[in-house]
Every structure is written in C-alpha cells, then in structure tokens.
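Here are the chains, one letter per residue:
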Amino acid sequence: MNEPTTRSSSAPWNDPPERKKTLRRKRAEKLARRAEHWGRLLEEARSEGPEMVAAVAFDRLRGQLDKLPVSARERAYEDVVQALDRIRETHAQ
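Residues numbered from 1 in each chain as written. Predicted model: local features only at pLDDT ≥ 70, side-chain atom pairs only at ≥ 80, totals over all residues. Heavy atoms only, no water.

Peer 1: Would you explain the environment of Glu44 in this entry?
Peer 2: Here Glu44 is to be found in helix α2 (residues 23-48). For the pair Glu44 and Val56, spaced 12 residues apart in the sequence, the C-alpha separation amounts to 9.7 Å. (Helix = DSSP H or I, 4+ residues; strand = E, 2+ residues; numbered from the N terminus.)

Peer 1: How do you make sense of the confidence of the model for the protein chain when you look at a structure like this?
Peer 2: Taken as a whole, the protein chain shows an average pLDDT of 85; of its residues, 85% reach a score of 70 or greater. Mean pLDDT per element in the protein chain: helix α1 (residues 4-9) is the minimum at 55, and helix α4 (residues 70-91) is the maximum at 93. (pLDDT = per-residue confidence, 0-100.)

Peer 1: Help me understand a positive patch on the surface, please; the structure alone is not making it clear to me.
Peer 2: Residues Arg27, Lys30, Arg33, Arg34 and Lys67 make up a contiguous surface patch of positive charge. Ranked by the residues each element gives to the positive patch, the list is headed by α2, at four residues. By the element assignment, Arg33 lies in helix α2. (Patch = residues over 30% accessible without salt bridge, like charges linked within 9 Å, V, L, I, M, F, W, Y side chains within 5 Å. Areas by Shrake-Rupley, 256 points an atom, 1.4 Å probe, with all protein chains shown as cover. Salt bridge = Lys/Arg side-chain N within 4 Å of Asp/Glu carboxyl O. Lys, Arg positive; Asp, Glu negative; His and termini not counted. Charge placed at Lys NZ, Arg CZ, Asp CG, Glu CD.)

Peer 1: Explain the packing of α2 against helix α3 (residues 50-67) to me, please; I cannot follow it from the model alone.
Peer 2: Two measures define how a pair of helices packs: the angle their axes make with one another and the distance between the axes. For the pair α2 and α3, interaxial distance at closest approach is 7 Å and the crossing angle is 155°. With respect to their mutual orientation, α2 and α3 come out roughly antiparallel. On α3, the residues that touch Arg34, Trp38, Leu41, Leu42, Ala45, Arg46 and Glu48 of α2 are Met52, Val53, Val56, Asp59, Arg60 and Lys67. Of the residues belonging to the contact of α2 with α3, the class tally is seven nonpolar, no polar and six charged. (Axes fitted to C-alpha atoms, helices over the stretch in contact; angles between N-to-C directions. Parallel < 35°, antiparallel > 145°, perpendicular 65-115°, else oblique. Contact = heavy atoms within 4.5 Å. Nonpolar A, V, L, I, M, F, W, Y, C, P; charged D, E, K, R; others polar.)

Peer 1: I keep staring at α2 and nothing clicks. Help me out?
Peer 2: For an α-helix, 3.6 residues make a turn, and residues three or four places apart therefore share a direction. The terminal C-alpha atoms of α2, which comprises 26 residues, lie 38 Å apart, in line with the 38 Å expected from a rise of 1.5 Å per residue. Residues of α2 that are buried: Trp38, Leu42 and Ala45. Buried residues along α2 sit against α3. (Expected span 1.5 Å × (residues − 1). Buried < 20%, exposed > 50% of the residue type's maximum accessible area, 1.4 Å probe, protein only.)

Here you go:
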C-alpha cells in the first residue's frame, strides 16, 4: 500500500518556495518607488508654477480615490469636498 508519510512529506505546503525578498519588503520598495515618482513629478511641476503643482496633486488624488473600495470612496469624496471648502475659506480675501 501507499505510505502516507512519504506522500505528505513531499506535499507542496510542507516545502514552501524560497523568496528572494519578503513580501513586506517588496511592498515597501514599491511604495518607495511610487513616492519617488510623485516627488519627482511635483518637483518638475514646481519649476513650471503653482497651477502645475495643483494639477499633479489632483491627478494623484484622483488616482488614489479610484483605487479605494467603493464603500470607502463616497466618504473619501466627502472628505475631499470638505478639504477644498477649508482651503477656500482659509485663503479667501
């Protein structure tokens, strides 16, 4: 008959694949690259003026909002509206 110990010891869950990098590290590196990308875009935009900085910031905001789950997106849109109202009130003359 078949020996269950031999089969179970060769099962894939008993021998997980070796990872060069942990998933946590890969995620951290991806987030760092993303932050560097947006930082570079903002620096380039600053050299062109405040309107370009706002355009880059709004593009980034829109991208982040699109990535949110639908359930959280509505609350996030409300937060954006409130933030814009606070900015308008603070800088109104």
